[in-house]
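Structure at a glance
Listed here are the chains, written in short residue letters.
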Amino acid sequence: MEERVGRSGQGSEGARPVMSEVGLWNYIRDHVPGPDWVRVENSVGPGTPDVNYSYEGSEGWIELKWVAQFPKSPRVCVFGNRRGLRPEQKVWIRRRTLKKGSVWIVAGVGRHVFFIPGDCAFAFNRFRRSDLENHSALSIARGDPTFGDRVLELLRYGPPSRNARRRASPEPRATDPGNELPSRERISPRPRTEPHSTLT
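As a starting point, this report considers the structure included with it.

**As for the environment of Ser-102**
Among the structural elements, Ser-102 can be located in strand S5 (residues 102–109). Overall, Ser-102 belongs to the buried group, its relative accessible area being 18%. Put simply, Ser-102 and Gly-158 are 56 residues apart on the chain and 5.6 Å apart in space, counted from C-alpha to C-alpha. When near neighbours in sequence (up to four residues on either side) are disregarded, Ser-102 contacts Tyr-53, Glu-59, Gly-60, Trp-61, Gly-158 and Pro-159.

**Examining the environment of Cys-120**
Along the polypeptide, Cys-120 turns up in the loop between strand S6 (112–117) and helix H4 (121–124). Here Cys-120 falls in the buried class, since its relative accessible area comes to 2%.

**Brief notes about the packing of aromatic side chains**
One pass over the structure, following the stated rule, counts eight aromatic pairs. Summarising the aromatic geometry, the rings of Trp-61 and Trp-92 are spaced 5.2 Å apart at their centres and angled 70° between planes, so their arrangement reads as edge-to-face. With a gap of 31 residues between them, Trp-61 in strand S4 (residues 58–67) and Trp-92 in helix H3 (residues 87–98) connect regions that are remote in the sequence. Taken together, a centroid distance of 6.2 Å and an interplanar angle of 80° make the contact between Trp-104 and Phe-115 edge-to-face. Of this pair, Trp-104 sits in strand S5 while Phe-115 sits in strand S6, and the two are eleven residues apart along the sequence. In textbook terms, an aromatic cluster arises when at least three aromatic residues are bridged by ring pairs, as seen for Trp-25, Trp-37 and Tyr-53. Looking at Arg-129, its charged tip hangs above the ring of Phe-70, at a distance of 3.9 Å from the centre.

**Overview of the pattern of salt bridges**
If you walk through the whole model with that rule in mind, you get eight salt bridges. The shortest N-O distance in the salt bridge between Arg-156 and Glu-153 comes to 2.6 Å. Placement of both Arg-156 and Glu-153 in helix H6 (residues 147–157) is noted, with a separation of three residues, approximately one turn of the helix. Judged by relative accessible area, which is 23%, Arg-156 ranks as partly exposed. Note on Glu-153: relative accessible area 39%, which makes it partly exposed. Linked by salt bridges that have partners in common, Glu-56, Glu-153 and Arg-156 make up one network.

**Focus: helix H1 (residues 21–31)**
Of all the positions in H1, only Gly-23, Leu-24, Trp-25, Asn-26, Tyr-27, Ile-28 and Arg-29 are classed as buried. For H1, the side-chain oxygen to backbone nitrogen distance between the N-cap and Val-22 is 3.4 Å, and the N-cap itself is Ser-20.

About the thresholds
Within each chain, residues carry numbers counting from 1 in the order of the written sequence. Given that this is a predicted model, residues contribute local features only at a pLDDT of at least 70 and side-chain atom pairs are listed and counted only at 80 or more, while totals for whole chains, interfaces and linings are drawn from all residues. To obtain the side-chain values, all non-hydrogen atoms of the structure were included, while hydrogens and water were left out. Per the convention used, a helix needs a DSSP run of H or I reaching at least four residues, while a strand needs a run of E reaching at least two, with both numbered from the N terminus. For every residue, the accessible area obtained with a 1.4 Å probe (protein chains only) is divided by the maximum for its type, and the residue is called buried under 20%, exposed over 50%, and partly exposed between those limits. The contact criterion used is simple: two residues touch if any of their non-hydrogen atoms lie within 4.5 Å. Here a pair means two rings of Phe, Tyr or Trp (six-membered ring of Trp) with centres within 6.5 Å. Their orientation is stacked below 30 degrees between planes, edge-to-face above 60, and tilted elsewhere. Geometrically, a lysine NZ or arginine CZ counts as sitting over a ring once it is within 6 Å of the ring centre and also within 35 degrees of the ring normal. Any Lys or Arg side-chain nitrogen found within 4 Å of a carboxyl oxygen on Asp or Glu counts as a salt bridge. For the purposes of these results, a polar contact is taken to be a pair of N or O atoms within 3.5 Å, where, inside protein, one atom must be able to donate a hydrogen and its partner to accept one; residues adjacent in sequence count only when each atom of the pair is a side-chain atom.

Now the structure itself:
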């Protein structure tokens, strides 16, 4: 079931999903049956994510981001500040995750889809391809026959906490000065008590 708030910009129900952020949303909606989806527009409030969902007692939010392809260099940020999260979106997500709310950043790169826990919001724009892979709770391609079941499993339990993610690694460092966040948006790395590998 889907409810729309404001202008959702969706295509027709039977249309083939286009390769875009709207196409990513259409694909999730059509291939993940069960949740009560609500497509939300930014006019509802500054920084509010694109989608709200409720499923088997769990409720959360999804912010959609999409680019056509990975950068040629593995050291370049995939989204950067231009196509990544806006400052008000980072603040909204941080505020909600601090209250133990469920927020996902669903990043589409071509046919690849990464489900990133919301507590990565302030680092997301600086993520390289390896960072998306290391920080995602689910990395899957459109067309995978298990797509719906695996996404439903994530929505049922919500994003894992930082302490529960064994693959956690230090906050990535911007490799392109143009993609670096302003100093007021940076966050200090949290001290870690468990072994981890350093990104290169």
